[in-house]
Amino acid sequence: MSGETLTVNGKKAGEKKTIALPSRPKKRLFIGMLLLVTVLAAALLFGIWYIGVPGLERIQPALPWIIGGALTLAVLLSFFGIFNMVLAIAGLPYLPWMKRQTYELINLLFPAAVRLGAVFGVKRRRLEGSFIAVSNLLFHRMHIRVPANRLLVVTPHCLQLASCPHKVTRDPNNCKRCGGCNIGDLVALADEMGFHFFVATGGTLARQIIYNMRPKAVLAIACERDLMSGIQDVFPLPAVGVLNIRPNGPCYNTSVDMAEVRRQLEEIIEPVEQVTEKGHNAEVS
């Protein structure tokens, strides 16, 4: 998207401005930071183990080797999880069933990656954006397709124009489609493609909607922090994230690249021909 522009809402009602779309987050940034954290963690664990060997031997001669073996196995599994993500990014065969272990590894190492990133001048938001890019790629590498009526699209309420008097949370059909914000665009797209669309006031309500609807997949539009936590919270439910655009600061008159949303939806929603064929085969059987 680098080099492209988008017309978005300004800070005042009716105000519009044109901004340059941000470049796509770099997947290698997140992978590289996780790898560096794992290397440092392995070195630290080795140092602690080496210092503790004499004391462990006094307790039980075999204890240092048992603990050392367990630590080595944990480190090797961490490296393998990162290597598995690299294989997916490179388009090579990988192990999709390790996605849960990958998210557990991310939960464990991400706080350290943020602190280490700060040393190198890498902001947390960039790391989170890189994670979302990696997660989306893993989603599409698994070739997940769902019927439109089993797909849920969730957006934050800040996508609605702040001055709009119509309440669209929980019921986006209250939108009058005046063109003042992207809510109307998404309502029109939901009518066209057939997916479910909700506007949530926060992560708690979004998770409640997902729990009640039980969709087969989710497309969420939000900031980096909310997308990262949300994708991991709903796992193993497949989820794709699209970053919102914040020309007026966080949580106020945000926008979204509708071309990117449509592109993601077209990759997720099962073509009508396939849905019809499945229904026919079910009836025959």
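Predicted model, so just to flag it, every value in this text is computed and none were measured.

Now for the packing of aromatic side chains. This structure, assessed with the given rule, holds five aromatic pairs. Here the aromatic rings of Phe-46 and Tyr-50 are separated by 6.1 Å at their centres, their planes lie at 25 degrees, and the arrangement is stacked. Within this pair, Phe-46 and its partner Tyr-50 are both found in helix α1 (residues 27-59), separated by four residues, close to a single helical turn. An identical accessibility class is assigned to Phe-46 and Tyr-50; each is exposed. Site record: aromatic cluster; members linked through ring pairs are Phe-46, Trp-49, Tyr-50 and Trp-65.

Moving on, we come to empty space enclosed by the protein. Taken as a whole, this structure holds one cavity of 30 Å³ or more when the rule is applied. Asn-84, Met-85, Tyr-94, Leu-95, Pro-96, Met-98, Lys-99, Thr-102, Leu-138 and Met-142 together form the lining of the largest cavity. When contributions to the lining of the largest cavity are tallied by element, the ones reaching two or more residues are α2 (63-89) and α3 (99-119).

Splitting the chain by domain gives domain 1 (27-135) and domain 2 (144-268). Measuring from the centre of the C-alpha atoms in domain 1 to the corresponding centre in domain 2 gives 32 Å. Facing the 12 residues of domain 1 at the interface are 12 residues of domain 2. For the domain 1 and domain 2 pair, buried surface summed over both sides reaches about 1100 Å², with 70% attributable to carbon and sulfur atoms. Where domain 1 meets domain 2, there are one salt bridge. Those elements that place two or more of their residues in the side of domain 1 that touches domain 2 are α3 and α4 (124-141). Classifying every residue of the side of domain 1 that touches domain 2 by side-chain character gives five nonpolar, three polar and four charged.

Conventions adopted
Each chain carries its own residue numbering, running from 1 in the written order of its sequence. At least 70 in pLDDT is required for a residue's local features to be given in this predicted model, at least 80 for side-chain atom pairs to be given and counted, and no such filter applies to totals for whole chains, interfaces and linings, which use all residues. Side-chain descriptors were evaluated using all non-hydrogen atoms of the structure, hydrogens and water having been removed beforehand. Two aromatic rings, drawn from Phe, Tyr or Trp (for Trp, its six-membered ring), form a pair once their centres lie within 6.5 Å of each other, and the interplanar angle then sorts them: stacked below 30 degrees, edge-to-face above 60, tilted otherwise. Per the convention used, a helix needs a DSSP run of H or I reaching at least four residues, while a strand needs a run of E reaching at least two, with both numbered from the N terminus. Exposure categories follow from relative accessible area, calculated using a 1.4 Å probe and restricted to protein chains: below 20% of the type maximum is buried, above 50% is exposed, and the middle band is partly exposed. Only protein atoms enter the 1 Å grid, on which a cavity is a set of points fitting a 1.4 Å probe that cannot get out and a pocket is an open set with protein on both sides within 12 Å along at least 5 of 7 lines, lining residues being those with an atom within 4 Å of a point. Grid points are joined across faces, edges and corners, and a volume is the space filled by probe spheres set on the points. Note that domain bounds follow an automatic or database assignment of domains. Only heavy atoms matter for contacts: two residues are in contact if any of them lie within 4.5 Å across the pair. In short, buried area is how much 1.4 Å probe accessible area vanishes from two parts on joining, totalled over both. Criterion for a salt bridge: a side-chain nitrogen of Lys or Arg within 4 Å of a carboxyl oxygen of Asp or Glu. Nonpolar residues are Ala, Val, Leu, Ile, Met, Phe, Trp, Tyr, Cys and Pro. Charged residues are Asp, Glu, Lys and Arg, and all others, Gly as well, are polar.

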